[in-house]
Amino acid sequence: MNLYLRYFDSETLVSNVDDAIAFLAGIDEIGMDPLLEADIREYVASDVYYPKRYKIRPRVYFIIIKTEAATMQDFKEKKALHAAPELPHEKAVSPSIVRLNEEQFGWYEGAIDFKRVLLVPGTGKFQYRDTHFVAQCKAMSGLDCYNRIVDYLRSRVDNRSQFPSAKGKNFKFRYLGQAK
């Protein structure tokens, strides 16, 4: 693994942390000290692959990027991007999303927390108020239950009210049983 370092127009691609520290020590504005050196060594030794930037002064940083590129040309042309290990035939899908789309006709109970727009009588102004709504309905899936509840509420509350995503923590549902 190599390290790409950049500070304004100064940039380099090095193969080890000692060369990186030597490069940074050669730039007077950075002010290499033992704490900074230890933090850089810790970052390089970790399994973290996102770029790390260090603040020199307000709005002035230098950046370190871990890369598999062998040369600066390869790095600039993005030929050695690090990808997270993933099985080629599978996508990572959250279990809640799978459960949300699972089709099983029957009765569902859905609970939604949304921001409802209400008129404040004393001032004549409107405000958002957190509202909890629970309903039971016939549906094909958890997502269908969500859509039915939101359609029902949209026809009965101010159209400026805000509804959460079905995939978020503000919507919960449970399957009650088969419809007769």
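Cut-offs used in this document
Each chain has its residues counted from 1, running along the sequence as written. Thresholds applied to this predicted model are a pLDDT of at least 70 for local features of residues and 80 or more for the giving and counting of side-chain atom pairs; totals over whole chains, interfaces and linings are not thresholded and use all residues. Note that water and hydrogens are dropped before the side-chain values are worked out from all heavy atoms of the structure. Strands here mean DSSP runs of E at least two residues long; helices mean DSSP runs of H or I at least four residues long; both are numbered from the N terminus. Note on contacts: a residue pair qualifies if any of its non-hydrogen atoms lie within 4.5 Å across the two residues. Angles run from 0 to 180 degrees between N-to-C directions of axes, and those axes are lines fitted to C-alpha atoms, restricted for helices to the stretch in contact. Handedness of a helix crossing follows the sense of rotation of the near helix relative to the far helix, less than a right angle counterclockwise being left-handed and clockwise being right-handed. Under the convention adopted here, Pro, Cys and the residues Ala, Val, Leu, Ile, Met, Phe, Trp and Tyr are nonpolar, Asp, Glu, Lys and Arg are charged, and Gly plus all remaining residues are polar. Multiplying one less than the number of residues by 1.5 Å gives the expected span of a helix. For each residue, the accessible area found with a 1.4 Å probe, counting protein chains only, is set against the maximum for its type, and the residue is called buried under 20%, exposed over 50%, and partly exposed in between. To obtain the arc, one takes the directions from the helix axis to the C-beta atoms.

**Description of the overall build of the chain**
Now for step 1: Scanning the chain from N- to C-terminus turns up 5 helices and 7 strands.
Now for step 2: For the chain, the succession of helices and strands along the chain, N to C, is β-β-α-α-β-β-α-α-β-β-α-β.
Now for step 3: Here the contacts in the chain between residues at least 6 apart in sequence split such that 54% fall between residues at least 24 apart.

**Side note on unusual backbone geometry**
Now for step 1: You will see that Phe8, though not glycine, has its phi angle at about 50°, which is positive.
Now for step 2: Mapped onto the elements of the fold, Phe8 is located in the loop between β1 (2-7) and β2 (10-14).
Now for step 3: Its identity as a non-glycine residue notwithstanding, Arg59 has a phi of 65°, on the positive side.
Now for step 4: Structurally, the position occupied by Arg59 is in the loop between β3 (52-57) and β4 (60-67).

**So, the packing of helix α1 (residues 17-25) against helix α2 (residues 34-45)**
Now for step 1: Contact pair α1 / α2: the axes reach a minimum separation of 10 Å and the direction vectors enclose 145°. Considering how the two elements wind past one another, α1 and α2 form a crossing that is right-handed. Here Val17, Asp18, Ile21 and Leu24 of α1 come into contact with α2, specifically with Glu37, Ile40, Arg41 and Val44.
Now for step 2: Counted by class, the contact of α1 with α2 contains 5 nonpolar, no polar and 3 charged residues.

**Here we look at α2**
Now for step 1: With 12 residues, α2 extends 16 Å between its outermost C-alpha atoms, agreeing within 8% with the 16 Å of an ideal straight helix rising 1.5 Å per residue.
Now for step 2: Burial in α2 covers these residues: Leu36, Ile40 and Tyr43. One side of α2 holds all its buried residues, which, seen down the axis, span an arc of 60°. α2 presents Pro34, Leu35, Glu42 and Ala45 as exposed residues on the side facing more than 90 degrees away from its buried surface.
Now for step 3: Buried-residue contacts for α2 involve α1, β3 and β4.

**Notes on the side chain of Thr12**
Now for step 1: By the element assignment, Thr12 lies in strand β2.
Now for step 2: Beyond its immediate chain neighbours, meaning those up to four positions away, Thr12 contacts Leu3, Tyr4, Leu5, Phe23 and Met72.

Scope: geometric values only; no functional claims are made or implied.
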